[in-house]
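# Structural description and commentary
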Amino acid sequence: MRVWALRTLRSQNLGGLLAMVYVACFMTAFQLRGGPITRMGLVLAIAVGVVAWTAALRRARAVANLATSRIGSAAQGYVEVLGRASVSPDNLIISPMSGVQCIWYRYRMFSRDNARKEWRQTDSGVSSATFEIRDATGAARVDPDHAEVVAPEVRTSYPDTDTKLVEELLFGGRDLYVLGEFSTRGGAHSELSLREDVSSLLADWKADQAGLMRRFDLDGNGEIDPREWELARRLAHKTVEQQHQAILAQPGEHQLRAPRDGRLFLISALSPQKMRRRFVLWSVLHLGVALVATGWLVRLG
């Protein structure tokens, strides 16, 4: 439960929230100019800055430490891939607020609070439909649940004078960078049991006594003797082996999703190089805030 809660928190745009915390802390410290409340504000700014600096640095390292994998040959586990989002009609969804075709959306609806002269959020939503990305070696379906989505296209509109709609959208045909847990179902990764499948096939044959006699009662005495049953068992074994070989020869279905161990799950319209630079810059900013607040606190004594 804790892992999923953290994913939900970090999947939102926390930049604005952190900025508000910093502003509130420094305005409180500046206006009061001393006293316990000022020190509490500065201590809070330091704590938030250090935590945010650590988180941004961890993200930068996660992006930098992994080499880009090809979808068709990616190892099972934590990987990064680059691919183009499919524009196939069955891969597209419709944003419920603006009716725009896309592969992913998140929206926030605001209502004007005239008394306080500010916008108040009244509704929000995010899509959970999977979508396909493809490179030169294969395709994978991306499950965006709990993803941190970076650099989507942001559209702001005003349906009326007292309502504001902010939409974040990802579109088909765009190159996307995905960092997450890669797994393959079916094909060479199918979980098959020769013994269980042979037993199941023999049970099916036994259930059809007329068919069983017709195929394996070689001496026509109306019963299956041990020698005839051994022939049936060998045929079932050979039949299941052939079926398994056909299944394993089929291409598997690749999927990218949120890592079960809580590691960063990232979907970005930016390249990994730009992502790493962005996270490094954010880490420097947060560290700078923490250092400024520390210096102020030291001066207060």
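Presented here is a report on the structure given in the accompanying data block. Worth saying up front: this structure is predicted, and the values here are computed from it rather than measured. (Residues numbered from 1 in each chain as written. Predicted model: local features only at pLDDT ≥ 70, side-chain atom pairs only at ≥ 80, totals over all residues. Heavy atoms only, no water.)

Secondary structure assignment for the protein chain yields seven helices and 14 strands. Out of the 301 residues in the protein chain, the part that is buried amounts to 36%. Of the contacts made within the protein chain by residues no fewer than 6 positions apart, 69% connect residues no fewer than 24 positions apart. Accessible surface for the protein chain amounts to roughly 17,600 Å². Of this, 55% is attributable to carbon and sulfur atoms. (Helix = DSSP H or I, 4+ residues; strand = E, 2+ residues; numbered from the N terminus. Buried < 20%, exposed > 50% of the residue type's maximum accessible area, 1.4 Å probe, protein only. Contact = heavy atoms within 4.5 Å. Areas by Shrake-Rupley, 256 points an atom, 1.4 Å probe, with all protein chains shown as cover.)

Now for the packing of aromatic side chains. Taken as a whole and judged by the stated rule, the model has three aromatic pairs. Sitting over the ring of Tyr-78, Arg-263 keeps its end group 4.1 Å from the ring centre. (Phe/Tyr/Trp six-rings, centres within 6.5 Å; stacked < 30°, edge-to-face > 60°. Lys NZ or Arg CZ within 6 Å of the ring centre and 35° of its normal.)

With respect to topology, four strands assemble into an open sheet ordered β6-β5-β11-β10, the strand pairing being antiparallel. Sheet topology places β6 (118-126) and β10 (153-160) at the edges, where each strand pairs with a single neighbour. The mean inter-strand angle of the sheet, taken between neighbouring strand axes irrespective of direction, is 20 degrees. One ladder, built from eight bridges, connects strand β5 (residues 104-113) with strand β11 (residues 163-170); its direction is antiparallel. Looking at the pairing, Ser-111 lines up with Thr-163 of β11. (Pairing = 2+ DSSP bridges. Axes fitted to C-alpha atoms, helices over the stretch in contact; angles between N-to-C directions.)

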